[in-house]
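The residues making up each chain are set out below.
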Amino acid sequence: MRRQKRDMSDRAFHKGYQAGFSGRNKEMCPHQQETLRQNWLTGWREGRQDSWEGYSQVEALQRTYAQ
């Protein structure tokens, strides 16, 4: 069964979230295009916040995909 490709903005957000949750630096953003960069940074901020609030990795992933 094929997986449907997600929107690039959505993908950038989730990758940023994972990076933020794992404690990586926001300067490691791989995107140059402004809209993708903003989505990645938004995800990064939310990931950092969830990490600081003590969410487990499973809870955090469930939380992002529920949005």
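Residues numbered from 1 in each chain as written. Predicted model: local features only at pLDDT ≥ 70, side-chain atom pairs only at ≥ 80, totals over all residues. Heavy atoms only, no water.

### Here we look at the overall build of the protein chain
Next up, step 1: Broken down by element type, the protein chain carries three helices and zero strands.
Next up, step 2: Traced from its N-terminal end to its C-terminal end, the protein chain shows the element sequence α-α-α.
Next up, step 3: Taking all 67 residues of the protein chain together, the buried fraction comes to 30%.
Next up, step 4: Long-range contacts, defined as pairs at least 24 residues apart, comprise 68% of the intrachain contacts of the protein chain with a sequence gap of at least 6. (Helix = DSSP H or I, 4+ residues; strand = E, 2+ residues; numbered from the N terminus. Buried < 20%, exposed > 50% of the residue type's maximum accessible area, 1.4 Å probe, protein only. Contact = heavy atoms within 4.5 Å.)

### Side note on the side chain of Asp50
Next up, step 1: Inspection of the secondary structure assignment puts Asp50 in helix α2 (residues 34-52).
Next up, step 2: For Asp50, a relative accessible area of 2% corresponds to the buried category.
Next up, step 3: Ignoring anything within four residues of it in the chain, the contact list for Asp50 reads Tyr17, Phe21, Tyr55 and Arg63.

### Comments concerning helix α1 (residues 8-21)
Next up, step 1: Here α1 contains 14 residues, and its C-alpha end-to-end distance of 20 Å stays within 8% of the 20 Å for a straight helix at 1.5 Å per residue.
Next up, step 2: Looking one or two residues beyond α1, the residue adopting positive phi is Gly23, at roughly 90 degrees. (Expected span 1.5 Å × (residues − 1).)

### A closer look at the packing of α1 against α2
Next up, step 1: Axis separation between α1 and α2 bottoms out at 6 Å; the angle between their running directions is 35 degrees. Crossing of α1 against α2: the hand is right-handed. Residue-level inspection shows Met8, Ser9, Ala12, Phe13, Lys15, Gly16, Tyr17, Ala19, Gly20 and Phe21 of α1 in contact with α2, the latter providing Leu36, Asn39, Trp40, Thr42, Gly43, Trp44, Glu46, Gly47, Arg48, Asp50 and Ser51.
Next up, step 2: Residue composition of the contact of α1 with α2, by class: nine nonpolar, eight polar and four charged. (Axes fitted to C-alpha atoms, helices over the stretch in contact; angles between N-to-C directions. Left-handed = near helix turned anticlockwise from the far one by under 90°. Nonpolar A, V, L, I, M, F, W, Y, C, P; charged D, E, K, R; others polar.)

No statement about biological role is implied by the geometric values presented.
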